[in-house]
Amino acid sequence: DKHYYFSCNGHVIAFRVEGRIAMALGDPIGPGVHTEEAINEFVSFCKKNDWIPAFYMVHEKSLAVYHSEGFKSVRVGQKGILNLNDFARGGKKRKYIQPILNEMKKNGFHWELVRPPIPRKFVETLGVINNDWLAYMRTSEMRFSVGWFYDEYVSSYPLLILQDQNNYRVAFTNIL
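What you see is a predicted model; the values in this text were computed from it and never measured.

Caption draft 1: Structural detail: unusual backbone geometry. Going from Pro116 to Pro117, the amide bond is cis rather than trans, its omega being 0 degrees. For Pro117, the location among the structural elements is in the loop between strand E5 (110-114) and helix H5 (120-137). Phi at Met57 takes a positive value of approximately 65 degrees, unusual for a residue other than glycine. With respect to the element layout, Met57 can be found in the loop between strand E4 (52-56) and helix H2 (63-68). With a phi close to 60 degrees, Asn167 is a non-glycine residue in the positive phi region. The exposure class assigned to Asn167 is partly exposed, which follows from its relative accessible area of 48%.

Caption draft 2: How the structure looks around the nonpolar core. Counting residues in each nonpolar core, the largest one holds 12 residues, listed as Tyr5, Ile13, Phe15, Ala22, Ala24, Ile39, Phe42, Val43, Cys46, Phe55, Tyr66 and Phe71. For this core, the secondary structure elements donating two or more residues are strand E2 (12-18), strand E3 (21-25) and helix H1 (35-48). Per-element accounting of this core gives the leading share, 4 residues, to H1. Every residue in contact with Cys46, bar those within four places of it in the chain, is listed here: Ala22, Trp51 and Pro53. If you look at the next biggest cluster of nonpolar residues, it comprises 10 residues, including Ile129, Phe149, Leu159 and Ile161.

Caption draft 3: Local environment of the environment of Tyr168. Assignment of secondary structure puts Tyr168 in the loop between strand E6 (159-163) and strand E7 (169-174). Using a relative accessible area of 52% as the deciding quantity, one classes Tyr168 as exposed. In this structure the C-alpha to C-alpha distance between Tyr168 and Phe109, which are 59 residues apart in sequence, comes to 9.4 Å. Those residues within four positions of Tyr168 in sequence are excluded, and the remaining contacts are Leu162 and Gln163.

About the criteria used
Residues numbered from 1 in each chain as written. Predicted model: local features only at pLDDT ≥ 70, side-chain atom pairs only at ≥ 80, totals over all residues. Heavy atoms only, no water. Helix = DSSP H or I, 4+ residues; strand = E, 2+ residues; numbered from the N terminus. Buried < 20%, exposed > 50% of the residue type's maximum accessible area, 1.4 Å probe, protein only. Core = buried A, V, L, I, M, F, W, Y, C linked by side-chain atoms within 4.5 Å. Contact = heavy atoms within 4.5 Å.

And the structure:
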């Protein structure tokens, strides 16, 4: 779902074109000393193709380089990092979660941690859950930066599976 621009100094920039926007995913990958040159080359490449360059999910340490090149920055979000040990203890900050967890437990919902390698048949059932969720949300796989349901990827990482009272799998998430 991406194209790749290779700069003269050994950098690569992954990007996708939608309309006239060439959206690069992250910073140029390559020797750090020539990052600014790689950005300039990519901008020139975009202008030749009548595209407007943009960079998505760049590292905070790189912002000065982009600003010096005339780009403006907008904070879109942050990584969600959760310490599961602290989270499980609850506390005042998470008191709203406990009633939800209690209700789910009362209705027979429970979690199962599944470690890789995960059998193909198991992953296929998760694919059904994934497709049902996409249909319910009236959307498609986000691909560009979030990823997509890919059997080999899903089967390679631990999964947290939510099951109902009949042990029917209703939701899942992968754990990185």
